[in-house]
Amino acid sequence: MSSFAKPAAKPATKLIILDRDGVINHDSDQFVKSPGEWKPIPGSIEAIARLNQNGYRVVVATNQSGIGRGLFDMATLNAINDKMMEQVFRQGGRIDAVFFCPCTADQKCHCRKPNTGMFEDIASRFHVGLNGVPTVGDSLRDLEAGAKVGCVPILVLTGKGKKTQAKGNLPRSTKICADLAEAVKMLVTLPPKSLA
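Residues numbered from 1 in each chain as written. Predicted model: local features only at pLDDT ≥ 70, side-chain atom pairs only at ≥ 80, totals over all residues. Heavy atoms only, no water.

Participant: It is not clear to me how the overall build of the protein should be interpreted in this structure. Could you clarify?
Facilitator: When its secondary structure is counted, the protein shows seven helices and seven strands. Reading the protein from its N end, one meets helices and strands in the order β-β-α-β-α-α-β-α-β-α-β-α-β-α. Relative to the compact-globule value of 16 Å for 196 residues, the protein shows a C-alpha radius of gyration of 15 Å, a close match. The dimensions of the protein, computed from C-alpha atoms along their principal axes, are 45 × 40 × 30 Å. Taken across its 196 residues, the protein has 47% of its residues classed as buried. Expressed as a percentage of contacts within the protein between residues at least 6 apart in sequence, the contacts between residues at least 24 apart total 65%. Working note: accessible area of the protein is about 9200 Å², and carbon and sulfur atoms make up 51% of it. Charge centroids of the protein, computed over 26 positive and 18 negative side chains, lie 4 Å from each other. (Helix = DSSP H or I, 4+ residues; strand = E, 2+ residues; numbered from the N terminus. Rg over C-alpha atoms; globule rule 2.2 N^0.38 Å. Buried < 20%, exposed > 50% of the residue type's maximum accessible area, 1.4 Å probe, protein only. Contact = heavy atoms within 4.5 Å. Areas by Shrake-Rupley, 256 points an atom, 1.4 Å probe, with all protein chains shown as cover. Lys, Arg positive; Asp, Glu negative; His and termini not counted. Charge placed at Lys NZ, Arg CZ, Asp CG, Glu CD.)

Spelled out as structure tokens, the structure:
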């Protein structure tokens, strides 16, 4: 498991953990394999900037088994993430760090969601507890990984989200939003400590 972009030394008062594919950008069953294939979901970039404007530090935690499958390499993944971060920056926002697991499901990695390794690493790097931290995903494994460490799971109906909702068995207290923009609107308008 690896990450890039160093978090600032000062711990955040508010943190949010986002999945990437299907939440920030359009997903593909054939994987997002190049910067050209990375297309933001309408409103997602602005939503990240709005989080920053409301005191959130934004971290991305993403399974990227395309590396383990040999579909793309680390340089390509970095180029894709650079494009994402640049678009957020141009909108006046910031992604503090991107954590990813390059392993395939067969490798039984502790970091690959629904396992919790990436979330534990985020807690360690940012020196924060994750209890009550919102985590946004479009698949059950995103929500399960967060729920296991005390995060508040938010399912968006973009990407695989509608299929995930239809299958059911969501973690208890999962919030459901149309997309990242709606999730962010909910978060920034809720009274403090009312999410859980």
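There's more to say after this.
Participant: Would you mind showing me how to read the pairing of strand β2 (residues 14-18) here?
Facilitator: Along any regular strand the residues' side chains alternate between the sheet's two faces. Extensive coverage of β2 is indicated by the burial of four of its five residues. Pairing geometry for β2 and strand β3 (residues 56-63), over five bridges, is parallel. Looking across to β3, one finds that L18 is bridged to V60. Since β2 and β3 lie parallel, the crossover through helix α1 (residues 44-53) that links them has a hand, and here it is right-handed. Bridge count between β2 and strand β5 (residues 134-137): two bridges; the pairing is parallel. Paired with I17 across the bridge in β5 is T135. (Pairing = 2+ DSSP bridges. Right-handed = clockwise from strand over helix to strand, strands pointing away.)

Participant: Explanation requested: the side chain of S65 in the structure shown.
Facilitator: Of note, S65 is situated in helix α2 (residues 65-68). When sequence neighbours within four positions are dropped, the list of residues in contact with S65 reads F31, C101, P102, C103, T104 and R112.

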